[in-house]
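Structural overview
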Amino acid sequence: MKFRDSASFGKRQEFLTMADLLKRGYDVYPTLVDDKQIDCIIRMETEKGPKYIDIQIKARSKSAKKESWGAWPSVKLENPRKNLVYIFYSEPLETIWIIPSIAISQLGYQSKSTMETPIYQLNFEKVKKKKGKVIDFIPVEKFEVFKNAYHLIDECAIE
């Protein structure tokens with residue numbers, strides 16, 4: 001996949017994810033720039049006033065290497081906090097994982113870091129190979145609770 005195709009795939013998935021959140025009744029506000037790991041913000045009304053959740057969206061396309069369909073080897077996580085949620089989508093596996101950033105910092109493997117930003121490796125699906133070819137994907141148990149876990153968005157809201 002060319003860079004342009006790759007970048008446009010990511011942007012399309014961001015908009016599709018935001019549309020999905022809108023269909024689920026969330027008020028979604030897209031950001032103009034993504035320099036703080038925020039693709040959109042969800043605003044929720046409560047009895048005590050509005051609550052907000054920052055959302056970062058990551059997507060894997062069908063054109064990615066098959067071995068990487070259930071893995072994200074370099075997730076930057078600058079400031080894990082209660083109200084930052086990552087939504088991961090694997091197009092070829094047709095799977096969504098919704099993970100609070102604090103859980104990423106606890107369950108992910110910190111593979112490396114830049115001066116300011118830790119980088120985590122997340123493997124949601126193990127690759128099963130036969131004769132060097134990928135034949136199946138096996139879910140990683142500790143990440144199963146995050147599949148389609150839209151309820152976690154509500155739990156991560158803060159005032």
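Residues numbered from 1 in each chain as written. Predicted model: local features only at pLDDT ≥ 70, side-chain atom pairs only at ≥ 80, totals over all residues. Heavy atoms only, no water.

So, on to the side chain of Asp 39. Assignment of secondary structure puts Asp 39 in the loop between strand S1 (27-30) and strand S2 (40-46). The charged side chain of Asp 39 is buried without a salt bridge, its nearest counter-charge being Lys 11 at 5.6 Å. Within the structure, the side chain of Asp 39 is placed 3.1 Å from the side chain of Gln 56, a separation counted as a polar contact. Look past the residues within four positions of Asp 39 in its chain and what remains in contact with it is Glu 14, Met 18, Pro 30, Thr 31, Asp 34, Ile 55, Gln 56 and Ile 57. (Helix = DSSP H or I, 4+ residues; strand = E, 2+ residues; numbered from the N terminus. Buried < 20%, exposed > 50% of the residue type's maximum accessible area, 1.4 Å probe, protein only. Lys, Arg positive; Asp, Glu negative; His and termini not counted. Salt bridge = Lys/Arg side-chain N within 4 Å of Asp/Glu carboxyl O. Polar contact = N/O pair within 3.5 Å; in protein donor to acceptor, adjacent residues only side chain to side chain. Contact = heavy atoms within 4.5 Å.)

What follows is about the environment of Lys 23. Following the sequence through the fold, Lys 23 ends up in helix H1 (residues 3-23). Lys 23 sits in the exposed class, given a relative accessible area of 72%. Residues Lys 23 and Asp 154, 131 residues apart in the sequence, show an inter-C-alpha distance of 15 Å.

This part takes up the sheet that holds strand S6 (residues 95-100). Within the open sheet, the 5 strands sit side by side as S1-S2-S3-S5-S6. Their pairing is mixed. One side of each edge strand has no neighbouring strand; the edge strands of this open sheet are S1 and S6. Sheet twist, expressed as the mean angle between neighbouring strand axes with direction ignored, is 25°. Bridge count for S2 against strand S3 (residues 49-60) is 7 bridges, and the pairing is antiparallel. Paired with Ile 42 across the strands is Ile 53, a residue of S3. (Pairing = 2+ DSSP bridges. Axes fitted to C-alpha atoms, helices over the stretch in contact; angles between N-to-C directions.)

Moving on to the packing of aromatic side chains. On inspection of all chains with the given rule, the structure shows 9 aromatic pairs. When the ring of Trp 69 is compared with that of Phe 137, the centres are 5.8 Å apart and the planes differ by 20°; the resulting orientation is stacked. With Trp 69 in the loop between S3 and strand S4 (71-76) and Phe 137 in strand S10 (residues 133-139), the pair connects residues that are 68 residues apart, well separated along the chain. Take Trp 69 and Phe 137: they sit in the same class, and that class is buried. Here the aromatic rings of Phe 88 and Phe 124 are separated by 5.2 Å at their centres, their planes lie at 65°, and the arrangement is edge-to-face. Taken together, the positions of Phe 88 in strand S5 (residues 84-90) and Phe 124 in the loop between strand S8 (118-123) and strand S9 (125-130) put the pair 36 residues apart, joining distant regions of the chain. Judged by relative accessible area, Phe 124 falls into the buried class, the value being 0%. (Phe/Tyr/Trp six-rings, centres within 6.5 Å; stacked < 30°, edge-to-face > 60°.)

What follows is about the pairing of S6. For S6, the tally of buried residues reaches 6 of 6 residues, placing the bulk of the element in the interior. Because side chains alternate across S6, one face comprises the buried residues Thr 95, Trp 97 and Ile 99, and the other comprises Ile 96, Ile 98 and Pro 100, equally buried. Relative to S6, S5 is paired through 6 bridges, and the arrangement is antiparallel. Along S6, the bridge assignment pairs Ile 87 with Ile 98. The antiparallel pairing of S5 with S6 creates a hairpin that spans 4 residues between the two strands, and Glu 94 there sits at a positive phi of about 50°.

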